[in-house]
Amino acid sequence: MNYRIENLIDKEAVEKRIKELAREIEKDYAGEEVYCVGLLKGSVIFLSDLVKEINIPVIIDFMSVSSYGSETVSSGDVKILKDTDLDLRGKHVLIVEDIIDTGLTLEYVIKYFKEGKGVKSLRTCTLLNKPERRKVDVKVDYIGFDVPDKFVIGYGLDYDQKYRNLPYIAVVIPE
Ligand code: 5GP
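Residues numbered from 1 in each chain as written. Predicted model: local features only at pLDDT ≥ 70, side-chain atom pairs only at ≥ 80, totals over all residues. Heavy atoms only, no water.

A. Spotlight on the packing of helix α1 (residues 11-28) against helix α2 (residues 44-53). Two numbers describe how α1 lies on α2: the axes approach to 8 Å, and their chain directions differ by 55°. With respect to α2, the element α1 is oriented oblique. Pair α1 / α2 crosses with right-handed handedness. Packed against α1, whose contacting residues are Ile18, Lys19, Leu21, Ala22, Arg23, Ile25 and Glu26, the element α2 presents Phe46, Asp49, Leu50 and Glu53 at the interface. Among the residues making up the contact of α1 with α2, the classes are represented as six nonpolar, no polar and five charged. (Axes fitted to C-alpha atoms, helices over the stretch in contact; angles between N-to-C directions. Helix = DSSP H or I, 4+ residues; strand = E, 2+ residues; numbered from the N terminus. Parallel < 35°, antiparallel > 145°, perpendicular 65-115°, else oblique. Left-handed = near helix turned anticlockwise from the far one by under 90°. Contact = heavy atoms within 4.5 Å. Nonpolar A, V, L, I, M, F, W, Y, C, P; charged D, E, K, R; others polar.)

B. Representation of the side chain of Arg164 within the structure. Within the element layout of this structure, Arg164 appears in the loop between β8 (152-153) and β9 (169-174). At 2.8 Å, the side chain of Arg164 and the side chain of Gln161 are in polar contact. Setting aside its immediate chain neighbours within four residues, Arg164 contacts Lys41, Gly42, Ile45, Gly154, Tyr155, Gly156, Leu157 and Asp158. (Polar contact = N/O pair within 3.5 Å; in protein donor to acceptor, adjacent residues only side chain to side chain.)

C. Representation of the pairing of strand β2 (residues 34-40) within the structure. Burial runs high along β2: six of the seven residues are buried. Two strands pair when backbone bridges link them, and β2 and strand β3 (residues 58-65) are joined in this way by seven bridges, in the parallel orientation. From the neighbouring strand, Val37 faces β3, where its bridge partner is Asp61. The handedness of the β2 to β3 crossover, carried by α2, is right-handed. (Buried < 20%, exposed > 50% of the residue type's maximum accessible area, 1.4 Å probe, protein only. Pairing = 2+ DSSP bridges. Right-handed = clockwise from strand over helix to strand, strands pointing away.)

D. Looking closely at the sheet that holds strand β5 (residues 92-100). Taken together, six strands build an open sheet; the order of strands is β4-β3-β2-β5-β6-β7 and the sheet is mixed. The sheet is open, and its two edges are formed by β4 (80-82) and β7 (142-146), each paired on a single side. Sheet twist, expressed as the mean angle between neighbouring strand axes with direction ignored, is 30°. In this structure, strand β6 (residues 121-129) lies alongside β7, joined through four bridges in parallel fashion. Paired with Cys125 across the two strands is Tyr142, which belongs to β7. Packed on one face of the sheet, α1 meets β5, β6 and β7 and runs near 160° to β7. Running over the sheet, helix α3 (residues 104-116) touches β2, β3, β4, β5 and β6 and is turned about 165° from β5.

As C-alpha cells, this is what we get:
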C-alpha cells in the first residue's frame, strides 16, 4: 500500500499532556505507591515518559496481550501472551495503554485483573482514545488525547512494527 504520513499531535503537545496526566495521577495516589502495568509493545514509550514525571513511588511491570486485527473478531479472542511478573495482590494498579479503540482489549484485561489478581485498586490510563469506535463501555480514568477514527502511529504505536520511535503522533493516509 502506498501511503503518506500526516502529523496529528506534535511532540511538545504530547510532552505537555503527559506532565498534566502525571500531576493528576500523583494527586489521586497521594501517599501511596502505584504499580504501572504497561501493555506491550505500544505503551512502552508513553509509560517511560509518564513514570519519569510521576513524583510518588512507582513500580513498573508489563503484560502482553494479543491484538486482533479485524472488527469481526470477538473479545473472546484476546489472549494473554505474557503475564505480569510481580505479585500484585493488595496493590494499587494502573494499567497503561497506548490507545483504546473498540475497548475490547482493555475490557478483557480489566476483567482478568479483577477476577484473578486481588489488586487493591485498578485504574486505567491511555495516551490516545478513539471514542467513535468504542464497542464496549470501558472505564478509562486518564486519557491523553481523543483522536479521530484514523490509523495513528508514533509515540509507541506502530504501522507494521515501524514508526514506534516517532516522537509525535501521526496519521497514516493511504494513497
Ligand atoms: P481495542 O481492543 O481497544 O480495539 O484495541 C486496542 C489495540 O489496538 C491498541 O492497543 C493497539 O495495539 C491497536 N490499535 C487500535 N487503533 C490503533 C491505531 O490507530 N494505530 C495503531 N498503531 N494501533 C491501533
